[in-house]
Amino acid sequence: MLTLYNSLTKKEEEFHPQTDTVGFYFCGPTVYWTQHIGNMRAFFVMDSIRRVIKFNGYKINHVMNITDVGHMTSDEDEGDDKIELTAKKENKSPEEVANYYWDLCYKDIKKLNIETPEHIVKATSVIDEIIEFIKTLIKNGFAYETQKGVYYDISKFKDYGQLGGMNLNDKLAGARIAVDDFKRNPLDFTLWVKAAENHIMKWQSPWGLGYPGWHIECSAIGRKFLGNNIDIHGGGVEHKTVHHENEIAQNFGVCGTQVVKYWVHLEHLMMDGKKMSKSLKNIESVSSIIEKGYSPLSLRYLYLTAHYSKQQNFTFESLASCETALQKIWNATVENKNGKDLVDESQIKTICKNFENAVNSNLNFPLALSYVWELLKIKNKSKQIYNALLFFDNALGLDLKNAELHLSENKCLIPADITELALKRWQAKDEKNWALADKYRKEIDDKGFTILDKKSGYDILKK
RNA sequence: GGUACCAUAGCCAAGCGGUAAGGCAAAGGUCUGCAAAACCUUCAUUCCCCAGUUCAAAUCUGGGUGGUACCUCCA
């Protein structure tokens, strides 16, 4: 039985989908700059939810949006559109900016063995649906037009603030009102913005030329691809208080119900105890960790070692430890694949059961990993263990079925000068010229490689 | 200022009322020409601090201290 922590009810609940096919929506990236490893943790969590749903035998209809319009530099929907800002800065069209950064993002996602959602939808591709959604909101009395655009009237939705635990009175008391004289309530948010002359991205609408607000795209896309019943909606905590709150309000305005059943929020990845930010210059990306010599799947392993609902502290020391751990798992996978020993089937069954329970207990992957290690502690090498590992990997996503390939990739990276030195060392060793052999080994070591002697011959590994 | 989450060994991190999972690192051993790898063994009388509840607390309550995020403010 799968349980999930539901941010809306603030309880861990048993998961019961509406139908055999689970409707899953996850807030995707705003594609105006390179996604960092903190952003990537969000995609990892998205993928974990996806995998665990399938692990439990459900089918899935998974939707992720790409924000390529409407996300302003302030959550008050003021300032500039982030995409347009970059477009102007980089002297490109907004579309080029969005395509370029999404392409980068998608490549990184694939490197982390994240499965592709059934639907990846750009906000600009659903403008018609967005306009229809807003028209319905106006018709149902939840939205109104002003000189600046169309706004959602939060006074029409009693439960506004439930998800973020906001007390509206407190919030209003603290807020500096009069942001916009035409708004009925200071917390009313933008559904449609009437575009200024120099604005690049704009579409024809019943309210003139303009562009959608940021929050409306997720409701419109969710409605288009998943209908009125979204089983799980996920995203980063930063979206909880405003973005998701507004989505709930929008959905209610059209459907009159809570469209989303389970809200799942992930906490952020920290960098040496601090948040990742441009100003602190402590941002790492998938590319930058690859450049530093780590396998991207080590980063995935690192994500697995902490629970999604807690902040995780990234350090290079921990990344290195994950690299080592993953190599061991890949090694053991290959050993067991070729293993001929017999293992007590009930022992494996117990471990599998424990693994399933851990994963199903609100995605407790750190606990689940401990059962992987328990499995690998078994001395006998057996295909039974290999099969159990592959079974686990449906949830883990460490690409264990290609373990051999990943291990050999590390061997392929050895430059010619290193293989030559290794050969010389082997000859010296054959002649029992230990001093010379050690001299070569030291040279190889200094260049960042290790010699691994075997019964006959040797391997060269990157350190 | 408001709201929420968090604090467990050198690092990462589970556990959330019944007496500290797991990985990495480290130390000792087997192996080896010596190493490395592999394997075996060791590695938190204790869970940020101070009170309280309980037969029993890392886990619950209250008060501190520190970290982080969101809202507000400010740039």
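Residues numbered from 1 in each chain as written. Chains lettered and ligands numbered in written order. Predicted model: local features only at pLDDT ≥ 70, side-chain atom pairs only at ≥ 80, totals over all residues. Heavy atoms only, no water.

Participant: Whenever I open this one, the sheet that holds strand 8 (residues 190-194) confuses me. Can you help?
Facilitator: Across a sheet, strands are paired by hydrogen bonds formed along the backbone, either parallel or antiparallel in direction. Here we have 4 strands laid out as an open sheet, ordered 6-7-8-9, and antiparallel in their pairing. On the outer flanks of this sheet lie strand 6 (143-145) and strand 9 (210-212), each paired with one strand and no other. Across this sheet, the average inter-strand angle for adjacent strands is 20°, counted without regard to direction. Here strand 8 pairs with strand 9 via 3 bridges, running antiparallel. Among the inter-strand pairings, V193 is bridged to a residue of strand 9, identified as Y211. Contacts from helix 4 (residues 127-139) reach strand 6, strand 7 (149-152), strand 8 and strand 9, with the element oriented near 115° to strand 8. (Pairing = 2+ DSSP bridges. Helix = DSSP H or I, 4+ residues; strand = E, 2+ residues; numbered from the N terminus. Axes fitted to C-alpha atoms, helices over the stretch in contact; angles between N-to-C directions. Contact = heavy atoms within 4.5 Å.)

Participant: Looking at this structure, how should I read helix 15 (residues 416-430)?
Facilitator: Given 3.6 residues per helical turn, the α-helix brings residues three or four places apart onto the same face. The end-to-end C-alpha separation of helix 15 is 21 Å, in line with the 21 Å expected for 15 residues at 1.5 Å each. Looking at helix 15, one finds that the buried residues are I418, L421, A422, R425 and A428. Seen along its axis, helix 15 keeps its buried residues to an arc of 120°; they face one direction. Opposite its buried face, helix 15 presents the exposed residues A416 and D430, each directed more than 90 degrees away. The inward-facing, buried residues of helix 15 abut helix 16 (434-446), strand 15 (449-453) and strand 16 (458-462). With its phi angle positive at about 55°, K432 sits one or two positions after the end of helix 15. (Expected span 1.5 Å × (residues − 1). Buried < 20%, exposed > 50% of the residue type's maximum accessible area, 1.4 Å probe, protein only. Arc of directions from axis to C-beta.)

Participant: Which parts of the structure should I look at to understand unusual backbone geometry?
Facilitator: Of note in the backbone geometry, N362 takes a positive phi value of approximately 55° without being a glycine. Judged by its relative accessible area of 6%, N362 falls in the buried class. Even without being a glycine, D399 presents a positive backbone phi close to 55°. When you line up the elements, D399 lands in the loop between helix 13 (383-396) and helix 14 (403-412).

Participant: How should I be thinking about the sheet that holds strand 11 (residues 260-266) in this particular structure?
Facilitator: Sheet architecture is open: 5 strands sit in the order 5-4-3-10-11, paired in parallel fashion. Looking at the sheet topology across the chains shown, the edges are occupied by strand 5 (119-122) and strand 11. Across the sheet, the mean angle separating the axes of adjacent strands is 20° when strand polarity is ignored. Looking at chain direction, strand 3 (residues 21-26) and strand 4 (residues 59-66) are connected through 6 bridges and run parallel. Its bridge partner lying in strand 4, F26 is registered against M64. Running at roughly 150° to strand 4, helix 6 (residues 216-226) makes contact with strand 3, strand 4, strand 5 and strand 10 (230-236) of the sheet.

Participant: I keep staring at helix 2 (residues 82-90) and nothing clicks. Help me out?
Facilitator: Within the sequence span of helix 2, burial applies to K82, I83, E84, T86 and A87. Looking one or two places after helix 2, you find N91, whose phi comes out positive at around 55°.

Participant: Even after reading the chapter, I still don't get the pairing of strand 2 (residues 11-14), so can you show me in this structure?
Facilitator: Along any regular strand the residues' side chains alternate between the sheet's two faces. Summarising the sheet, strand 1 (residues 3-6) and strand 2 pair through 4 bridges and their orientation is antiparallel. Counted as the bridge partner of T3 is E14 from strand 2. In sequence, strand 1 turns back onto strand 2 through a hairpin of 4 residues, with K10 there showing a positive phi of about 55°.

Participant: It is not clear to me how the nonpolar core should be interpreted in this structure. Could you clarify?
Facilitator: Soluble globular proteins: nonpolar side chains tend toward being buried together. In terms of nonpolar packing, the biggest core is built from 88 residues, with I232, L299, Y303, F355, V372, L375 and L396 touching the most fellow members. Among the elements that line this core, the one with the most residues is helix 1 (residues 37-55), at 11 residues. Judged by nonpolar contacts, the second largest core, of 37 residues, contains V63, V126, Y152 and W192. (Core = buried A, V, L, I, M, F, W, Y, C linked by side-chain atoms within 4.5 Å.)

Participant: What am I meant to see in the packing of helix 11 (residues 345-360) against helix 12 (residues 365-377) here?
Facilitator: To characterise two packed helices, one gives the angle between the axes of the helices and the distance between these axes. It is the contact of helix 11 with helix 12, at a shortest axis distance of 8 Å, that shows an interaxial angle of 165°. The pairing of helix 11 with helix 12 is recorded here as roughly antiparallel in orientation. In the packing of helix 11 onto helix 12, the handedness of the crossing is left-handed. Where helix 11 approaches helix 12, its residues I348, I351, N354, F355, A358 and V359 are matched on the opposing element by F365, L367, A368, Y371, V372, E374 and L375. (Parallel < 35°, antiparallel > 145°, perpendicular 65-115°, else oblique. Left-handed = near helix turned anticlockwise from the far one by under 90°.)

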